[in-house]
Amino acid sequence: MNQPIYPVDVETALMELSKRLETEVEFFADVSTERAEAESEYKRQYHSIIVRMTSGTVTQKESMAQHKSAIAFREWKISEASEKATQQKLISIRTQIESLRTISANVRAAAGG
């Protein structure tokens, strides 16, 4: 940066990041709910298939259950990846906020306040 940093600039950036953090926390709650529902649906399908099969070895039953519940498994894993990505975004925003707090303290100290 070639220009001086003013406390108001840091405060403005902190406010913007705080708003982003709030939005992402709400989104994370939604994504987490979707992931939980997708996981529940996969497990429900998988286990109901196993329970309904009357013949075959355990391995055959598990293979059939995996085959027939593959779409639900895929949806669960995709929603899980989305949840993890959102969680990483939250960590990134929090790190940016912490960095700005450090900058803010340095700016105040440099300004004599």
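Figured I'd write up the structure that's included with this text. (Residues numbered from 1 in each chain as written. Predicted model: local features only at pLDDT ≥ 70, side-chain atom pairs only at ≥ 80, totals over all residues. Heavy atoms only, no water.)

### Considerations on helix α3 (residues 70-111)
For step 1, the next point in the chain: In this model, α3 (42 residues) spans 61 Å end to end at C-alpha, consistent with the 62 Å of a helix rising 1.5 Å per residue.
For step 2, the next point in the chain: Once α3 ends, the next one or two residues include Gly-112, with phi positive near 85°. (Helix = DSSP H or I, 4+ residues; strand = E, 2+ residues; numbered from the N terminus. Expected span 1.5 Å × (residues − 1).)

### A word on the packing of helix α1 (residues 7-52) against α3
For step 1, the next point in the chain: Axis separation between α1 and α3 bottoms out at 8 Å; the angle between their running directions is 160°. Here α3 runs roughly antiparallel to α1, going by the angle between their axes. The two elements α1 and α3 cross, and the hand of that crossing is left-handed.
For step 2, the next point in the chain: Its residues placed into classes, the contact of α1 with α3 shows 21 nonpolar, 9 polar and 10 charged. (Axes fitted to C-alpha atoms, helices over the stretch in contact; angles between N-to-C directions. Parallel < 35°, antiparallel > 145°, perpendicular 65-115°, else oblique. Left-handed = near helix turned anticlockwise from the far one by under 90°. Nonpolar A, V, L, I, M, F, W, Y, C, P; charged D, E, K, R; others polar.)

### Some details on the packing of α1 against helix α2 (residues 58-68)
Axis angle and axis distance: for two packed helices, these are the angle between their axes and the distance between the axes, and together they describe the pair.
For step 1, the next point in the chain: Axis separation between α1 and α2 bottoms out at 9 Å; the angle between their running directions is 140°. As judged from the angle between their axes, α1 and α2 are oblique. The two elements α1 and α2 cross, and the hand of that crossing is right-handed. Residues Gln-45, Tyr-46, Ile-49 and Ile-50 of α1 pack against Lys-61, Glu-62, Met-64, Ala-65, Gln-66 and Lys-68 of α2.
For step 2, the next point in the chain: Here the contact of α1 with α2 is composed, by residue class, of 5 nonpolar, 2 polar and 3 charged. (Contact = heavy atoms within 4.5 Å.)

### Examining the pattern of salt bridges
For step 1, the next point in the chain: Scanning the entire structure with this criterion turns up 7 salt bridges.
For step 2, the next point in the chain: With a closest N to O distance of 2.7 Å, Glu-41 and Arg-44 form a salt bridge. Here Glu-41 and its partner Arg-44 are both found in helix α1, 3 residues apart, which amounts to about one turn of the helix.
For step 3, the next point in the chain: For Glu-41, a relative accessible area of 29% gives the class partly exposed.
For step 4, the next point in the chain: A salt bridge links Arg-101 to Glu-98; the shortest N-O distance between them is 2.8 Å. (Salt bridge = Lys/Arg side-chain N within 4 Å of Asp/Glu carboxyl O. Buried < 20%, exposed > 50% of the residue type's maximum accessible area, 1.4 Å probe, protein only.)

### A look at the side chain of Lys-61
For step 1, the next point in the chain: Following the sequence through the fold, Lys-61 ends up in helix α2.
For step 2, the next point in the chain: No salt bridge forms around the buried Lys-61; measuring N to O, its nearest opposite-charge neighbour Glu-62 is 10 Å away. (Lys, Arg positive; Asp, Glu negative; His and termini not counted.)

### Topic: the packing of aromatic side chains
The geometry of an aromatic ring pair comes down to the distance between the two centres and the angle between the two planes.
For step 1, the next point in the chain: Summed over all chains, the structure comprises 4 aromatic pairs.
For step 2, the next point in the chain: Ring geometry for Tyr-42 and Trp-76: centres 5.4 Å apart, planes at 20°, overall stacked. You can see Tyr-42 sitting in helix α1 and its partner Trp-76 sitting in helix α3, a full 34 residues away along the chain.
For step 3, the next point in the chain: Look at Tyr-42 and you get buried, because its relative accessible area is 11%. (Phe/Tyr/Trp six-rings, centres within 6.5 Å; stacked < 30°, edge-to-face > 60°.)

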